Amino acid sequence: MRSYLLHRLWQSVVTLVLATIVVFLGIRALPGDPALALAGEERDPASLAAIRAKYGLDDPLLVQYWHFVSNSLRGDLGTSIRTDTPVTSMIATALPVTLELSLLSLAVAALVGIGAGVVAAVRRGRAIEWAANALALAGLSVPNFWLGLIAIVYLAVAVRLFPASGYVPFTSDPIGNLHHLVLPSLVIGTGLAAVIMRQTRSSMLEALSTDYVRTARAKGLPAHTVITRHALRNSLIVVVTIVGLQLGALISGAVVTERIFGLPGFGKLTIDAVFQRDYPVIQAVVLVTAAAYILINLLVDLLYSVIDPRIRVRGREA
C-alpha cells in the first residue's frame with residue numbers, strides 16, 4: 001500500500017507542476033497587453049512601465065514563472081487588480097461556499113442515484129425500472145437554470161419553503177445556512193442523480209450476471225447480502241469515478257446555479273474576474289481548480305484500492 005501511495009503521489013506532483021506551467025503560459029497567451037488592461041485610462045508610457053515593474057511583467061518568462069510558483073507555495077496568489085485585495089483571501093471566502101454546495105449536491109445525487117440504480121437493476125423489466133429510467137431521462141434533459149427558476153417560483157416565492165437567494169455562513173447560523181443551500185443542492189443534485197443512476201444500473205446489471213453472484217445465491221445467502229456485499233460493492237468502481245469527476249466539475253462549474261440563487265461562491269468569483277480581466281484572480285482560480293481535480297483524482301484512486309484490493313496490487317506492479 002505504501003509503494004502504491006508513493007507512486008500516486010509522485011504522479012500527482014508531476015501533474016500539478018505541468019498544470020502550473022499550463023496556467024502560467026495560458027494567462028500570458030491571452031490576447032492583448034495585460035499592462036494596457038490594468039492601466040485603464042492612464043496609458044502613458046510612464047504608467048505602463050510602472051505597472052509592468054509592479055507586477056513583474058517586464059521580467060523574463062522563466063523569472064516570472066519562478067516567482068509565480070514560489071509565491072504560490074507560500075500561499076501568496078497575488079493581489080486583485082480591481083479591488084487591491086489579496087487573492088488568497090478572496091478564494092478563502094468564496095471556495096467554502098462552493099465546496100459546501102458541491103458536497104450537499106453530491107450527497108443528494110448519490111443517495112437518490114445509487115438507490116434508484118440498484119432498484120432499477122434488481123427489478124429489471126418491471127414498472128419501477130421504467131419509472132426510474134423516465135426520471136433519469138428527465139433529470140438529464142432538464143437544464144439546471146430552468147429547474148432552478150421553477151424551484152424559485154414555486155418553492156421559494158409561492159410556497160415559501162426556502163429562501164429565493166442569499167447565503168448565511170455555517171459558523172454564524174447552521175440552520176439558516178442549510179436552509180439557504182437545500183434548494184440549490186436539490187437543483188444540482190437532480191441532474192447528477194440521473195447520471196449516477198444510469199451508471200449504477202448498468203454496473204449492477206453486469207455484476208448480477210457474474211459467476212460470483214450466482215455462486216453467492218447458490219450458497220443460500222440472503223438477497224440483500226448478495227446485492228449489497230457482492231454486486232453493489234463491485235459496481236461502485238464506476239460510480240466512484242463518476243462522483244469524483246462530478247465533484248471536480250462542480251467546484252469549477254456551478255456558475256449558473258450560484259448566479260441564480262445569489263451565492264457568493266467560486267463560480268461568481270470566476271465570472272467577475274473574467275469580465276473585469278482581473279488576471280491574478282483568473283490565474284489563481286484556474287490553479288486552484290486544477291489542484292482540486294488532481295487531489296480528487298488521487299483520493300478516487302485510493303478509494304479504488306479500498307473497494308477492490310486487486311487494483312492496489314496491479315498499481316504496485318505497474
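Residues numbered from 1 in each chain as written. Predicted model: local features only at pLDDT ≥ 70, side-chain atom pairs only at ≥ 80, totals over all residues. Heavy atoms only, no water.

Caption draft 1: Summary view of the packing of helix α5 (residues 87–122) against helix α8 (residues 174–208). Taken N-terminus to C-terminus, the directions of α5 and α8 make an angle of 35 degrees; their axes are 4 Å apart at the nearest point. Seen along the crossing, α5 lies across α8 with a hand that is right-handed. Among the residues forming the contact of α5 with α8, the class breakdown is 24 nonpolar, 7 polar and 2 charged. (Axes fitted to C-alpha atoms, helices over the stretch in contact; angles between N-to-C directions. Helix = DSSP H or I, 4+ residues; strand = E, 2+ residues; numbered from the N terminus. Left-handed = near helix turned anticlockwise from the far one by under 90°. Nonpolar A, V, L, I, M, F, W, Y, C, P; charged D, E, K, R; others polar.)

Caption draft 2: Region of the structure containing a nonpolar patch on the surface. Taken together, the side chains of Trp-10, Val-13, Val-14, Val-17, Leu-18, Ile-21, Leu-25 and Leu-61 define a hydrophobic patch exposed on the protein surface, amounting to about 730 Å² of accessible area. Here Leu-61 shows up in helix α4 (residues 61–73). Overall, the relative accessible area of 49% leaves Leu-61 in the partly exposed class. (Patch = residues over 30% accessible without salt bridge, like charges linked within 9 Å, V, L, I, M, F, W, Y side chains within 5 Å. Areas by Shrake-Rupley, 256 points an atom, 1.4 Å probe, with all protein chains shown as cover. Salt bridge = Lys/Arg side-chain N within 4 Å of Asp/Glu carboxyl O. Buried < 20%, exposed > 50% of the residue type's maximum accessible area, 1.4 Å probe, protein only.)

Caption draft 3: Up close: the pattern of salt bridges. According to the stated counting rule, one finds 4 salt bridges in the structure shown. A salt bridge links Arg-214 to Asp-211, with the nearest nitrogen and oxygen atoms 2.3 Å apart. Here Arg-214 and its partner Asp-211 are both found in helix α9 (residues 211–218), 3 residues apart, which amounts to about one turn of the helix. Linking Asp-272 and Lys-268 is a salt bridge whose minimum nitrogen-to-oxygen distance equals 3.0 Å. In this pair, Asp-272 and Lys-268 are both assigned in helix α12 (residues 266–276), 4 residues apart and thus about one turn of the helix distant. For Lys-268, a relative accessible area of 34% gives the class partly exposed.

Caption draft 4: Representation of the nonpolar core. Ranked by internal contacts, the top residues of the largest apolar core, which has 49 residues, are Leu-77, Ile-91, Phe-266, Leu-269 and Val-281. Contributing elements (two or more residues each) for this core: α1 (2–28), α5, α7 (144–158), α8, α10 (223–253), α12 and α13 (279–307). Ile-91 has contacts with Leu-77, Pro-96, Phe-266, Leu-269, Ala-284, Val-285 and Val-288, leaving out every residue within four places of it along the chain. Among the nonpolar cores identified, the runner-up in size contains 12 residues, and Val-118, Met-204, Val-213 and Ile-227 belong to it. (Core = buried A, V, L, I, M, F, W, Y, C linked by side-chain atoms within 4.5 Å. Contact = heavy atoms within 4.5 Å.)

Caption draft 5: Quick look at the side chain of Asn-177. Tracing the backbone shows Asn-177 in helix α8. Setting aside its immediate chain neighbours within four residues, Asn-177 contacts Glu-100, Tyr-167, Val-168, Pro-169 and Phe-170.

Caption draft 6: Representation of the packing of α7 against α8. Between α7 and α8, the shortest axis-to-axis distance is 10 Å and the interhelical angle comes to 145 degrees. Remark: the crossing between α7 and α8 carries right-handed chirality. Listed contacts from α8 to Asn-144, Leu-147, Gly-148, Ala-151, Ile-152, Leu-155 and Ala-156 of α7 are Leu-183, Val-187, Ile-188 and Thr-190. Per-class residue counts for the contact of α7 with α8 are 8 nonpolar, 3 polar and no charged.

Caption draft 7: View of unusual backbone geometry. At Asp-84, a residue that is not glycine, the phi angle is positive and equals roughly 55 degrees. Following the sequence through the fold, Asp-84 ends up in the loop between α4 and α5. By relative accessible area, Asp-84 is classed as exposed at 58%. A positive phi is found at Arg-160, a non-glycine position, where the angle reads about 60 degrees. Summarising the element assignment, Arg-160 is placed in the loop between α7 and α8. By relative accessible area, Arg-160 is classed as exposed at 70%.

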